[in-house]
Amino acid sequence: SVADVGISFQQGSDLTRETADVLIMRQELAAIPFALHLSRLAQKRIKNNFKMIVGVNSALVVSAMSGKTKPAVSALLHNVTTVAASLQALKPYAK
């Protein structure tokens, strides 16, 4: 059998800490479900940001190609969506 994710505790050996995908700082098994929950929240945020960026940028491309907006405005709005997605990614997760 093959593991999908390697998990180590902070007190683990150097080798396990280096090779683990997830390092849990507390010596508690109860931290593992929280780490799983946090990873699911992160995946959800990544997918939502991707959908937002693709949707807005697709609309901007269509708008610019049809002549409804100037290319400079589309470029500016593209940069705004990139900054918005970056700020959304920095927002802390609620416990």
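Residues numbered from 1 in each chain as written. Predicted model: local features only at pLDDT ≥ 70, side-chain atom pairs only at ≥ 80, totals over all residues. Heavy atoms only, no water.

Draft legend 1. Quick peek at the side chain of Ser8. Turning to its location among the elements, Ser8 is positioned in strand S1 (residues 7-9). Here Thr16 takes part through its side chain, which lies 3.3 Å from a polar atom of the side chain of Ser8. In contact with Ser8, not counting residues within four places along its chain, are Thr16, Arg17, Ala20, Val22, Leu23 and Ile24. (Helix = DSSP H or I, 4+ residues; strand = E, 2+ residues; numbered from the N terminus. Polar contact = N/O pair within 3.5 Å; in protein donor to acceptor, adjacent residues only side chain to side chain. Contact = heavy atoms within 4.5 Å.)

Draft legend 2. Looking closely at the confidence of the model for the protein chain. Put simply, the protein chain has an average pLDDT of 87, and 96% of its residues get 70 or more. By mean pLDDT, the top-scoring element of the protein chain is helix H2 (residues 31-65) (90), and the lowest-scoring one is helix H1 (residues 14-19) (86). (pLDDT = per-residue confidence, 0-100.)

Draft legend 3. How the structure looks around the pattern of salt bridges. By the definition in use, this model includes two salt bridges. Measuring nitrogen to oxygen at the nearest pair gives 2.4 Å for the salt bridge that ties Arg17 to Asp14. Within this pair, Arg17 and its partner Asp14 are both found in helix H1, separated by three residues, close to a single helical turn. Classification of Arg17 as partly exposed rests on a relative accessible area of 30%. A salt bridge links Arg26 to Glu28; its shortest N-O distance comes to 3.4 Å. Judged by its relative accessible area of 37%, Glu28 is partly exposed. (Salt bridge = Lys/Arg side-chain N within 4 Å of Asp/Glu carboxyl O. Buried < 20%, exposed > 50% of the residue type's maximum accessible area, 1.4 Å probe, protein only.)

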